[in-house]
Amino acid sequence: MTAALSACSGGSGAPGSSGGGTGDSGGGAAAPAVPAPAITISPATGSAKVRPDKTVVVTAANGQLEEVTVQAGGETLEGEFDAGHTKWTSKQPLKPSARYTVSAKATGEGGPATATSRFTTLKPKVGLEVVDVTPGIKGETVGVGMPIMVRFNAPVRDKAAVEQALEVDAEKPVKGAWRWVDDKFVIYRTAKYWPAHQKVKFTAHLTGVKAGQDTYGVEDHSTTIKIGAAWISSVSTRTHMMVVRRDGKVVKTMKISAGKATTREYTTTSGVHLTMERGNPVTMISPGKKEGDPGYYKEVVNHAVRISNSGEYVHGAPWSVGSQGRANVSHGCINAHPSDAKWFYDNFHRGDVVKIVGTDRALEWNNGWGFWQMPFSKWQKGSALEA
């Protein structure tokens, strides 16, 4: 019993003692110092050839992060803190071929702390970028049927990653979807026509997006598209008439003559066409025939507005005025009186709608801008993000 009690008494060898004797009235040991926050940054300083899809992560132990800044070339990388402010994570890809500086500040009971990291990202073997957006003419106003057509400079293998980076922001939003035509070409189409009179902004947030092996986006691309009035023209090859409406109101009624339909190529296609381009004059040559062949023709026409890639236009045709409104005598185009054709030519916008009915030849979805010929449910299946 005596031995047991003596083992519990204070002494110089007792754990936690201050080294004083049993008569020391100073109490126990001094509290250990509280360590300052420890900041960890990934990628670590000095890292090279960091992949652009690498996430920057900053953490703090023994404290909370107050501020994290990640910059390259004067631009700041966006990120967010967790609920406890002990972790910061970047929200967007890094720029390829860039030098980054990470600066972090933290506070805690042990005082403030700072840390810095500098690293560089790799230079991709293939730098992906947008080479064309249609429509993309500065100041252009387009029709309510207009798709957004995007071409890339290199094949896209990870289509889902790239499609995820494509943003369409409309003032009057409607449902739409992307469809990949090939590895370099993707098209956005709405389920219904765009609401008229608005602006639509297209942005490709490509920087740092991994599009395939050794392929990363190297820059973003942005285009603002102006949607004008709803110009919709209805053509009947049976009544030989064309009615043009602007925002639902009839503004022009025109007598026309459509394809004579003696052969397939001379049959006007039925379906939803979009106006694509115009020319004055345009030289039209019979498809698949050379001079001297039966049925060969070479005509110079005025005020021609293209509506397909198979040679269909709305154009002036003084030689068929007598047939316009009563018979179909053209090689597939929509013939109109020269004054009516000029009016249409002067008022059209790319992406205006021309709906044609009355023939047994349907416009193919990939004939010109015949994209409205494909049901939207099927169109969506061409998206890399469709489940």
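Each value, and the rule that gives it
Each residue is numbered by its place in its chain's sequence as written, counting from 1. Thresholds applied to this predicted model are a pLDDT of at least 70 for local features of residues and 80 or more for the giving and counting of side-chain atom pairs; totals over whole chains, interfaces and linings are not thresholded and use all residues. As a rule here, side-chain values come from all non-hydrogen atoms in the structure, and water together with hydrogens is ignored. Numbering goes from the N terminus for both helices and strands, where a helix is a DSSP run of H or I of at least four residues and a strand is a run of E of at least two. For each residue, the accessible area found with a 1.4 Å probe, counting protein chains only, is set against the maximum for its type, and the residue is called buried under 20%, exposed over 50%, and partly exposed in between. Contacts between residues were defined by any pair of non-hydrogen atoms, one from each residue, lying within 4.5 Å. Only the protein chains shown count as covering a residue, and every accessible area follows the Shrake-Rupley method with a 1.4 Å probe. Note on charges: Lys and Arg go in the positive column, Asp and Glu in the negative column, and His and the chain ends are not counted at all. In plain terms, the charge of a residue is placed at NZ if it is Lys, CZ if Arg, CG if Asp and CD if Glu. Here a salt bridge means any side-chain nitrogen of Lys or Arg lying within 4 Å of a carboxyl oxygen belonging to Asp or Glu. Pairing of aromatic rings covers Phe, Tyr and Trp, the last through its six-membered ring, and needs centres within 6.5 Å; plane angles under 30 degrees mean stacked, over 60 mean edge-to-face, and all others mean tilted. For two strands to be treated as a pair, DSSP must find at least two bridges joining them. To get an axis, a line is fitted to the C-alpha atoms, and for a helix only the part in contact is used. The angle between two axes follows their N-to-C directions and goes from 0 to 180 degrees. Here a polar contact is recorded for every N or O atom pair within 3.5 Å, except that within protein the pair must consist of a potential hydrogen donor and a potential acceptor, and residues adjacent in sequence are included only if both atoms are side-chain atoms. Here the nonpolar core consists of buried residues drawn from Ala, Val, Leu, Ile, Met, Phe, Trp, Tyr and Cys, with membership extended through side-chain atoms lying within 4.5 Å. The arc in question is the one traced by the directions running from the helix axis out to the C-beta atoms.

*Asks:* So what's going on with the overall build of the chain? Which residues, and what values?
*Replies:* In terms of helices and strands, the chain carries 4 helices and 30 strands. C-alpha atoms of the chain, sized along the principal axes, occupy 130 × 40 × 40 Å. Relative to its 387 residues, the chain shows a buried fraction of 42%. Of all intrachain contacts in the chain linking residues separated by at least 6 positions in sequence, the fraction that spans at least 24 positions is 64%. About 19900 Å² of surface is accessible on the chain, with carbon and sulfur atoms providing 49% of the total. Of the side chains in the chain, 45 bear a positive and 35 a negative charge, and the two mean positions are spaced by 7 Å.

*Asks:* Can you tell me about the pattern of salt bridges, naming the residues and giving the values?
*Replies:* With the rule as written, the count across this model stands at 12 salt bridges. Bridged by salt links that share partners, the residues Arg157, Lys159 and Asp183 form one connected network.

*Asks:* Which residues make up the packing of aromatic side chains, and what are the values?
*Replies:* Evaluation of the coordinates by the stated rule reveals 11 aromatic pairs. Ring centres 6.0 Å apart and planes at 20 degrees place the aromatic pair Phe152 and Trp180 in the stacked group. Taken together, the positions of Phe152 in strand β12 (residues 148–152) and Trp180 in strand β14 (residues 176–182) put the pair 28 residues apart, joining distant regions of the chain. Both residues of the pair, Phe152 and Trp180, count as buried.

*Asks:* Describe unusual backbone geometry, listing the residues and the values that go with them.
*Replies:* Looking along the chain, the bond that leaves Ser42 and enters Pro43 is cis, with omega of 5 degrees. A cis amide bond links Asn280 to the next residue, Pro281, at an omega of 5 degrees. Not every positive phi belongs to a glycine, and Lys49 is a case in point at roughly 55 degrees. Tracing the sequence through the fold places Lys49 in the loop between β1 (38–42) and β2 (57–61). Phi at His85 takes a positive value of approximately 60 degrees, unusual for a residue other than glycine. Relative to the helices and strands, His85 resides in the loop between β5 (79–81) and β6 (87–90). Judged by relative accessible area, His85 falls into the partly exposed class, the value being 31%.

*Asks:* Lay out the sheet that holds strand β23 (residues 271–274) in plain terms, naming residues and giving numbers.
*Replies:* If you trace the 9 strands from one edge of the open sheet to the other, you get β23-β30-β20-β21-β22-β29-β28-β27-β24, paired in mixed fashion. Whereas interior strands pair on both sides, the edge strands pair on one side only; in this sheet they are β23 and β24 (277–279). Each strand axis lies, on average, 25 degrees off the axis of its neighbour in the sheet, ignoring direction. Bridge count for β24 against strand β27 (residues 304–306) is 3 bridges, and the pairing is antiparallel. If you follow Arg278 over to β27, its bridge partner there is Val305. Strand contacts of helix α3 (residues 338–347): β20 (231–236), β21 (241–246), β22 (249–257), β24, β27, β28 (313–316), β29 (334–336) and β30 (353–357), with the helix running at about 135 degrees to β22, the strand carrying the most contacts.

*Asks:* So what's going on with the side chain of Lys159? Which residues, and what values?
*Replies:* Tracing the sequence through the fold places Lys159 in helix α2 (residues 159–164). A distance of 3.0 Å separates a polar side-chain atom of Lys159 from the backbone oxygen of Val156.

*Asks:* Break down the pairing of β20 for me, with residues and values.
*Replies:* With 5 of its 6 residues buried, β20 lies for the most part within the structure. Judged from the 6 bridges that link them, β20 and β21 form a sheet pairing that is antiparallel. Counterpart to Trp231 in the pairing with β21 is Arg246. Two strands pair when backbone bridges link them, and β20 and β30 are joined in this way by 5 bridges, in the parallel orientation. Counterpart to Ser236 in the pairing with β30 is Val357.

*Asks:* Kindly report on the side chain of Thr121, identifying the contributing residues and their values.
*Replies:* In this fold, Thr121 is placed in the loop between β8 (113–120) and β9 (126–128). With relative accessibility at 6%, the residue Thr121 sits in the buried group. There is a polar contact of 3.1 Å between the side chain of Thr121 and the backbone nitrogen of Ser97. Here Ala98 takes part through its backbone nitrogen, which lies 2.8 Å from a polar atom of the side chain of Thr121. Those residues in contact with Thr121, other than ones at most four positions away along the chain, are Lys49, Val50, Leu94, Lys95, Pro96, Ser97, Ala98 and Tyr100.

*Asks:* Go over the nonpolar core with me, naming the residues and quoting the values.
*Replies:* Among the nonpolar cores identified, the biggest contains 45 residues, and Ile148, Val150, Phe152 and Val162 are the most heavily contacted of them. Apart from residues lying up to four places away in sequence, Val162 is in contact with Leu128, Phe152, Val156, Trp180, Leu206, Val209 and Ala211. Counting 21 residues, the second largest nonpolar core, distinct from the first, contains Leu65, Val68, Leu94 and Phe119.

*Asks:* Lay out α3 in plain terms, naming residues and giving numbers.
*Replies:* Asp340, Ala341, Phe344 and Tyr345 are the residues of α3 that are buried. The buried residues of α3 occupy an angular sector of 135 degrees when the element is viewed end-on, so they sit on one face.

*Asks:* Outline the sheet that holds β2, supporting the account with residue identities and numerical values.
*Replies:* Taken in spatial order, the 4 strands of this open sheet run β1-β2-β6-β5, and their pairing is antiparallel. With partners counted over all chains shown, the strands left at the sheet margins are β1 and β5, one partner each. Neighbouring strand axes in the sheet, compared pairwise and without regard to direction, differ in orientation by 10 degrees on average. As defined by bridge partners, β2 adjoins β6 across 3 bridges and the pair is classed as antiparallel. In the strand pairing of β6, Val58 is matched with Trp88.

*Asks:* Got a sec to walk through the environment of Asn309? Specific residues and values, please.
*Replies:* Residue placement: Asn309 occurs in the loop between β27 and β28. For Asn309, a relative accessible area of 51% translates into the label exposed. The residues touching Asn309, leaving out its near neighbours within four places in the chain, are Met276, Asn367 and Gly368.

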